[in-house]
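Results of the structural survey
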Amino acid sequence: MDIRVLAVTADRTERRILRRLLANVPGDVNRIALRFTCRHGTPPRIPDILLINMQGCASTALLALYTTAPVILLVSTLSAEAASGTVRVQLAQASRQLLRELIACVVAASRAGLASGLTGVGGTAVLAAIADAVISTRADGTVAYCNPAAERLMQLDRRQMLGQPITSLMLLQDPTTLGPIVHPVLATMSSGSPIRLQAGALLVRPDGSEIMIDDSSAPIANPDGTPAGAVMVFHDITEARELRAQVDYLAWHDFLTGLPNRFAAQRHLNQILLEAHDDGSALATMYLDLDRFKAVNDTLGHAAGDALLVSVAARLRGCVRNVDMISRQGGDEFVVLMAPGSSGQPHAIEAEQVHVGCSIGIALYPEHGRSAESLLRHADTALHSAKASGRNTWRFFRPELLTSAVQRRQLEDGIRSGLELGGFRLFYQPKFSLSSGMLGGCEALLRWHHADWGWVNPASFIRAAEESGLIVPLGKWVLDEAIRQAALWERAGCCPEAIAINVSALELRAPAFPERMAGKIDAAGLDPRRLQLELTESALMRDMRASALALQRLKDIGVSIAIDDFGTGYSSLGYLAELPIDLVKVDRAFVHGIDTAAPRRQALLRAVLTLAQNIALPAVAEGVETAPEKQFLADAGCPLGQGFYFGPAVAAAEFAHAFLDRPADLATAP
């Protein structure tokens with residue numbers, strides 16, 4: 001049933017706020033037609049609900065015109081006089097969430113009021129058509145009306161419901177304690193105010209089955225003001241909750257072994273460091289790496305390698321107490337907070353006896369560090385020392401191990417020289433539609449050729465740049481070069497759909513970053529839709545409020561925003577709803593060998609893709625290397641793919657020749 005809300009205000013800022021609020025009223029509202037009237041505007045036709053700001057508007061005249069509509073009256077103080085039947089909300093006290101819930105409840109009450117008058121002119125057909133369940137009761141709590149959606153959700157015929165006490169039909173339970181909840185119909189009639197159940201409340205149906213519901217309930221009054229009953233509008237959110245639980249689990253656990261991932265480990269380490277600091281106790285952080293794991297992958301295949309990691313994880317679980325933690329950091333690296341145990345015994349993998357040792361680096365609190373970051377970094381340094389000592393051994397961190405800092409300084413000096421002398425290049429890797437095979441954009445990837453070292457591993461120099469702060473000038477160069485190349489391709493009429501560039505947390509937090517980007521785009525004469533910024537989840541979650549503001553400023557320029565390595569960081573439904581995101585990139589860890597992966601791992605990938613589809617976010621799968629992987633992703637509904645199956649990252653001229661169907665000299669002219 002459509003509910004028309006008329007919002008009346010003369011304040012532009014308030015208009016924007018109300019527009020956003022009304023656009024996000026909970027799902028029991030099918031459609032809200034939103035109109036705004038200034039103080040001398042012509043009133044539109046009578047709405048179902050009137051939302052009015054007393055200040056700056058001819059409020060008395062408007063209230064006289066709309067005496068038949070429920071009114072939500074926004075006032076600066078609660079001393080303002082208004083007609084009976086209005087709901088007054090003090091602007092200084094009402095939060096946006098409260099106002100959203102209030103509007104939703106008034107909508108539910110209005111819908112019930114309309115339902116009582118829809119006995120003719122197709123009114124029953126209107127109620128029968130809506131997807132939400134609607135149940136109205138009399139003042140004694142017995143069911144007076146139920147629509148077909150209510151029959152379906154309750155799994156009862158309307159003849160089994162009409163005249164029955166609603167409390168005997170619907171047993172409601174707290175989702176955490178499973179204790180009974182006072183029925184919202186009784187609560188709303190008792191209080192005379194709209195009521196909402198807590199999120200995820202359980203509805204136990206007469207046949208004993210359970211579903212989770214979201215609802216809004218409101219009282220119904222007779223013309224003389226006496227209670228006439230109540231209306232409850234609700235819908236089933238069981239599948240959505242289960243999907244959220246899957247994704248939240250995925251955010252903090254390794255998809256292969258089920259162990260906590262590196263983000264969960266860091267969170268746990270921060271917590272126990274606080275406890276250790278308070279009581280003066282010591283703790284050990286250990287980095288563990290399997291020796292010759294690559295040989296297992298190369299000789300027996302990736303499936304055997306995955307099975308070995310699962311076996312190692314099970315061994316490690318048997319070595320720890322419940323209060324300890326084991327985490328898989330990625331690849332064949334684990335973090336543990338106790339002695340390693342029996343990981344050196346042979347593993348039975350595909351009828352083979354596989355022998356792998358492990359090297360361990362240990363850092364102690366507080367001797368070797370007082371923060372999670374320093375302890376993990378020093379344990380990693382000690383791990384490299386253990387591997388350099390012949391493997392299958394352990395080493396404690398020692399300050400002299402930091403001699404590798406000299407190498408890091410050399411790397412940082414090399415980055416500075418590369419920026420000055422032009423040693424960096426941008427390579428471009430294509431993205432393709434998995435259904436049509438059409439080019440769907442590309443990603444700009446940074447490469448560095450040193451005069452003495454040759455091509456430098458991107459992982460090493462980007463990490464050094466991030467730790468030293470050189471990522472900011474390096475990111476500036478990447479942005480300038482990507483804009484220059486995109487403008488050249490656009491003028492040549494062959495620019496790919498969008499060129500994605502990676503942005504670090506330091507760059508995003510720079511106050512002038514959006515303005516600098518806007519200036520560069522304008523100077524190049526580039527359509528901003530040709531650029532896409534990729535950010536990691538961890539970069540965004542460090543300061544959600546600041547991230548939201550920065551991303552909105554970037555969105556105002558016209559560029560699109562993508563989340564890189566989705567599923568390996570702080571994935572949750574919350575930030576997907578709050579941040580202005582256009583695309584998610586599914587991490588290659590999900591994609592590798594997905595066509596032959598265990599059903600649970602395949603189900604998790606489908607859950608991630610389903611989540612993206614349900615909130616209208618396109619997804620790009622990274623690291624697609626084989627045709628079976630590509631086919632699995634296409635069947636699972638992933639729209640775009642990127643990886644060696646389609647082509648490696650190549651220089652601009654080679655990319656233009658291979659994918660843009662233009663002469664290389666035209667598409668890459670200086």
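Residues numbered from 1 in each chain as written. Predicted model: local features only at pLDDT ≥ 70, side-chain atom pairs only at ≥ 80, totals over all residues. Heavy atoms only, no water.

What follows is about the overall build of the chain. What the chain contains, in helices and strands, is 26 helices and 28 strands. Looking at the 670 residues of the chain, the share that counts as buried comes to 49%. When contacts within the chain are restricted to residue pairs at least 6 apart in sequence, long-range pairs at least 24 apart make up 62% of them. With the model as given, the accessible surface of the chain reaches about 31,500 Å², and the carbon-plus-sulfur share is 53%. (Helix = DSSP H or I, 4+ residues; strand = E, 2+ residues; numbered from the N terminus. Buried < 20%, exposed > 50% of the residue type's maximum accessible area, 1.4 Å probe, protein only. Contact = heavy atoms within 4.5 Å. Areas by Shrake-Rupley, 256 points an atom, 1.4 Å probe, with all protein chains shown as cover.)

Further remarks concern the pairing of strand β10 (residues 210-221). Bridging between strand β9 (residues 201-204) and β10 involves 4 bridges; their strand directions are antiparallel. Counted as the bridge partner of Val204 is Glu210 from β10. Counting the residues between successive antiparallel strands, the hairpin from β9 to β10 contains 5 residues, one of them, Gly208, with a positive phi of roughly 95°. Summarising the sheet, β10 and strand β11 (residues 227-236) pair through 9 bridges and their orientation is antiparallel. Looking at the pairing, Asp215 lines up with Phe234 of β11. The hairpin turn running from β10 into β11, its antiparallel successor, is 5 residues long, and Gly225 in that turn takes a positive phi close to 90°. (Pairing = 2+ DSSP bridges.)

A word on the nonpolar core. Burial of nonpolar side chains together is a common tendency in soluble globular proteins. One finds Tyr428, Phe461, Trp489, Leu533 and Leu554 to be the most contacted residues of the largest nonpolar core, which totals 100 residues. When residues of this core are assigned to their parent elements, the largest contribution, 8 residues, is made by helix α16 (residues 471-491). Among the nonpolar cores identified, the runner-up in size contains 24 residues, and Cys146, Ala201, Leu203 and Ala230 belong to it. (Core = buried A, V, L, I, M, F, W, Y, C linked by side-chain atoms within 4.5 Å.)

Sheet architecture is open: 6 strands sit in the order β7-β6-β11-β10-β9-β8, paired in antiparallel fashion. For this open sheet the edge positions go to β7 (143-146) and β8 (171-173), each flanked by a neighbour on one side alone. Going across the sheet, the axis of each strand differs from the next one's by a mean of 35°, ignoring polarity. Strand direction decides the pairing type here: strand β6 (residues 133-138) and β7, joined by 3 bridges, are antiparallel. (Axes fitted to C-alpha atoms, helices over the stretch in contact; angles between N-to-C directions.)

Attention now moves to the sheet that holds strand β12 (residues 283-290). With respect to topology, 5 strands assemble into an open sheet ordered β13-β14-β12-β17-β18, the strand pairing being mixed. With partners counted over all chains shown, the strands left at the sheet margins are β13 (326-330) and β18 (394-396), one partner each. Each neighbouring strand pair of the sheet contributes to a mean axis angle of 20°, computed without reference to strand direction. Note that β13 and strand β14 (residues 333-336) share 4 bridges and pair antiparallel. The partner of Ile326 across the bridge, within β14, is Val336. Along the sheet, helix α12 (residues 302-317) contacts β12, β13 and β14; its crossing angle with β14, the most-contacted strand, is approximately 10°.

This part covers the environment of Val312. Note that Val312 resides in helix α12. Since its relative accessible area comes to 1%, Val312 is described here as buried.

Under the counting rule described, the total for this entry stands at 15 aromatic pairs. Look at Phe424 and Trp477: their rings are 6.3 Å apart centre to centre, the planes differ by 50°, and that puts the pair in the tilted class. With Phe424 in strand β19 (residues 424-433) and Trp477 in helix α16, this pair connects stretches of sequence that are 53 residues apart. Taking relative accessible area as the criterion, Phe424 reaches 3% and is therefore assigned buried. (Phe/Tyr/Trp six-rings, centres within 6.5 Å; stacked < 30°, edge-to-face > 60°.)

Glancing now at the pattern of salt bridges. Tallying each qualifying case throughout the model produces 17 salt bridges. The residue Lys431 makes a salt bridge to Glu534 at a minimum N-O spacing of 3.6 Å. In this pair, Lys431 sits in strand β19 while Glu534 sits in strand β23 (residues 531-536), placing the two residues 103 residues apart along the sequence. On the basis of relative accessibility, which here comes to 1%, the residue Glu534 falls in the buried class. A single salt-bridge network, built from bridges that share partners, covers Lys431, Glu443, Glu534, Lys585 and Glu622. (Salt bridge = Lys/Arg side-chain N within 4 Å of Asp/Glu carboxyl O.)

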